[in-house]
Amino acid sequence: MKERIDLRETHNPSCLKCTPDNREKYMKNGICEKVLSVIDDLPVRCVGGWACKKIYYVSRYFSIFSVAMSEKWRSNLNYVEICCGPGRCISKEDGEEIDGTSLSIINHSAFNKLRKAVFIDSNLEVINTLNERIESLGKKDIATANLGDYNDAACMKKIFNELPRRGLTLAFIDPTHCDVPLSTIEAIKKYFKKVDLIINVSIGTDLKRNIRAAVMKPNFKNVRNKYNSFLGESDFFSEEKVLSYANQGNIAKLSELFLEEYKASLRKLGFEHFGTTPTIEHFYYLLFASKHSSGLDFWKKSVSIEANGQRTLF
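Residues numbered from 1 in each chain as written. Predicted model: local features only at pLDDT ≥ 70, side-chain atom pairs only at ≥ 80, totals over all residues. Heavy atoms only, no water.

A. Quick look at a positive patch on the surface. Taken together, the side chains of K157, R165, R166 and K193 present a region of like positive charge at the surface. On the secondary structure map, R165 appears in the loop between helix 5 (153-160) and strand 10 (168-173). (Patch = residues over 30% accessible without salt bridge, like charges linked within 9 Å, V, L, I, M, F, W, Y side chains within 5 Å. Areas by Shrake-Rupley, 256 points an atom, 1.4 Å probe, with all protein chains shown as cover. Salt bridge = Lys/Arg side-chain N within 4 Å of Asp/Glu carboxyl O. Lys, Arg positive; Asp, Glu negative; His and termini not counted. Charge placed at Lys NZ, Arg CZ, Asp CG, Glu CD. Helix = DSSP H or I, 4+ residues; strand = E, 2+ residues; numbered from the N terminus.)

Okay, here's the thing in structure tokens:
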């Protein structure tokens with residue numbers, strides 16, 4: 001039976017159920033400018049219905065991780081979320097409102113096992129909204145939302161100073177593109193002595209649209225530079241297999257090689273154990289990375305039941 005993850009699902013009758021043609025018209029940085037939450041009258045992020053699956057997997061892992069490790073680490077468990085959003089989401093297909101990952105973690109019964117939770121976003125409206133929600137829930141002694149740019153490792157480090165370095169930290173990184181610099185991951189690794197990562201990898205959007213052109217067109221500089229920053233020091237774009245698959249137009253193989261290159265870069269930082277979710281609606285999957293095998297054991301348990309309740313086998 002599927003574990004119950006309560007995302008406070010509520011129908012919002014004011015939702016315009018935007019089509020792709022008019023969605024951007026009513027949105028600014030992903031925030032709907034026409035609709036407020038029916039729960040707290042604060043802004044909501046417009047998402048596809050598939051976002052529920054991502055939120056489910058992150059919440060389920062958090063549940064297993066926090067309960068299993070709270071006895072050993074007692075008051076030294078911490079949570080970091082980069083690209084946190086305002087806390088509430090609304091589905092553009094049917095107007096259903098749910099907690100985003102940030103609020104699903106804050107509202108989780110295990111949240112009080114944390115010493116500190118830090119949420120980071122580059123949008124000031126998002127940060128102000130999430131802080132309002134944190135205060136209304138009486139959680140500001142544990143949680144804070146902070147304005148920060150993941151492209152700026154120094155900015156990230158300054159925010160991390162709110163967290164103890166020697167605790168056990170779970171970091172969820174949720175960008176919409178493959179553009180979080182490896183230097184930011186390195187800053188996370190250097191600051192926190194023990195940290196597990198969950199990273200949203202946009203294989204079906206960013207990579208599918210851009211990876212072949214980035215390989216075949218050296219003058220496709222902005223995208224190539226973005227991917228080089230994401231991978232760190234890498235010879236990915238000059239590898240024979242990569243060039244061959246690009247010539248064939250084999251995007252699936254290019255994406256596969258890209259992921260393997262990314263894992264190789266993470267291994268250089270000390271992350272040795274990896275897992276993924278099933279691909280979420282062909283858009284992205286979540287990549288788990290840990291220095292310890294016990295983290296991977298928790299991950300396997302968390303994804304052994306899919307968001308639709310179907311068990312997966314390993």
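B. Examining the side chain of S37 more closely. When you line up the elements, S37 lands in the loop between strand 3 (31-36) and strand 4 (43-47). A relative accessible area of 3% means that S37 is categorised as buried. Only 3.0 Å separates the side chain of S37 from the backbone nitrogen of I39, close enough to count as a polar contact. Contacts of S37, omitting those with residues within four sequence positions, involve N12, L42, V44, R88, E97 and R133. (Buried < 20%, exposed > 50% of the residue type's maximum accessible area, 1.4 Å probe, protein only. Polar contact = N/O pair within 3.5 Å; in protein donor to acceptor, adjacent residues only side chain to side chain. Contact = heavy atoms within 4.5 Å.)

C. The sheet that holds strand 5 (residues 77-82), seen in detail. Strand order in the open sheet made by the seven strands is 9-8-5-10-11-13-12, with mixed pairing throughout. Strands with a single pairing partner mark the edges of an open sheet, and in this sheet they are strand 9 (143-147) and strand 12 (273-276). Direction aside, the axes of adjacent strands within the sheet are offset by 15° on average. For strand 12 and strand 13 (residues 285-290), the ladder comprises four bridges, and the chain directions are antiparallel. Opposite F274, over in strand 13, you have A289 as the bridge partner. The strands that helix 2 (residues 51-73) touches are strand 5, strand 10, strand 11 (194-201) and strand 13; relative to strand 10, the one it contacts most, it runs at about 170°. (Pairing = 2+ DSSP bridges. Axes fitted to C-alpha atoms, helices over the stretch in contact; angles between N-to-C directions.)

D. Representation of helix 8 (residues 221-231) within the structure. Those residues of helix 8 lying buried are V223, R224, K226, Y227, F230 and L231. Seen from one end, helix 8 has its buried residues packed into an arc of 155°, which puts them on one side. Exposed and oriented more than 90 degrees from the buried face of helix 8 are K221 and N222. Structurally, helix 8 contributes buried residues whose contacts are with helix 6 (182-191), helix 7 (203-216) and helix 10 (251-268). Looking one or two places after helix 8, you find G232, whose phi comes out positive at around 80°. (Arc of directions from axis to C-beta.)

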